[in-house]
Amino acid sequence: DNGCKNNDTLTITVNPLPTVGAGIDSTICFEDSLTLNGTGAVSYTWDNGVVDGQYFAPAATADYIVTGTDANSCVNTDTMTITVNSLPVVSAGSDVTICAFDTTTLTASGATSYVWSTTATTAAIDVSVSATTTYDVTGTDDNGCINTDTVVVNVNDLPPVGSSIYLVGAGVTVTGQDTSICDGDQIRLNGTGATTYAWDNGVTDNVAFTPTATTTYIVEGTDDNGCKNNDTLTITVNPL
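Throughout what follows, the structure given in this document is the object of discussion.

Quick notes on the rules
Residues numbered from 1 in each chain as written. Predicted model: local features only at pLDDT ≥ 70, side-chain atom pairs only at ≥ 80, totals over all residues. Heavy atoms only, no water. Disulfide = S-S within 2.5 Å. Helix = DSSP H or I, 4+ residues; strand = E, 2+ residues; numbered from the N terminus. Contact = heavy atoms within 4.5 Å. Pairing = 2+ DSSP bridges. Axes fitted to C-alpha atoms, helices over the stretch in contact; angles between N-to-C directions.

**Overview of the state of the cysteines**
In total, this model carries two disulfides according to the counting rule given. With its sulfur 2.0 Å from that of its partner, Cys 99 forms a disulfide with Cys 227. Disulfide Cys 99-Cys 227: the torsion about the S-S bond is -95°, which places it as left-handed. With a gap of 128 residues between them, Cys 99 in strand S5 (residues 96–99) and Cys 227 in the loop between strand S16 (215–222) and strand S17 (228–238) connect regions that are remote in the sequence.

Next comes the structure, spelled out in structure tokens:
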């Protein structure tokens, strides 16, 4: 109030912001895990529920912001984008049913390259099995993303085909073994163990005929599943 003057000095130190880094943008496959690690500061806080240095599995493409604080309590941020590629929709095909030892083709789809549980690396593979078997295929797409699928090959057993001979003149049935007859004898051949039967040499199942020479007859039996098996029978014709 008397008009007298004096002064004082105050120094303000301006600390630079930390050069916080979130890392480079990344591309991953769905269900893959990774860690985000901030750099350039002392402590870090991420958005989207991420904890610095801890593994997590992003569900979709998103931007992640990290806030870094240095020893001077100065704060800066950085952002990284994680692109999440979906997994390929790999298919091994539909389950199939075959007869024992038949061959079927399994065909994979939905990816670019494939590896089967048989170690085959083609999309289509031929398999022949005697018992029900499960096959896995792993498919990889152009992004390097991987998925798997499974197909079951169900196997029906072959029918236990056999044969019998009915000696018409003698009224006797001989089952499952080669037989000798006399020239001029009439016989009937009958398949067993299946549903329908087909004989070679012009023979019709259970229809009488007269063999003229020693011959081996083959019967093919088919069951209700369409599976086939065969049996062989030799008829020796003795001259009179």
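**Some details on the environment of Thr 45**
Of note, Thr 45 is situated in strand S2 (residues 43–46). Thr 45 has contacts with Ile 65, Val 66 and Thr 67, leaving out every residue within four places of it along the chain.

**Looking at the sheet that holds strand S3 (residues 62–69)**
Read from one edge to the other, the open sheet built from four strands follows the order S1-S4-S3-S2, with strand pairing classed as mixed. The open sheet is flanked by strand S1 (26–29) and S2, the only strands paired with a single partner. In this sheet, adjacent strand axes meet at a mean angle of 30° when their direction is disregarded. When S2 meets S3, the two strands line up antiparallel, connected through four bridges. Bridge assignment links Tyr 44 to a residue of S3, and that residue is Gly 68.

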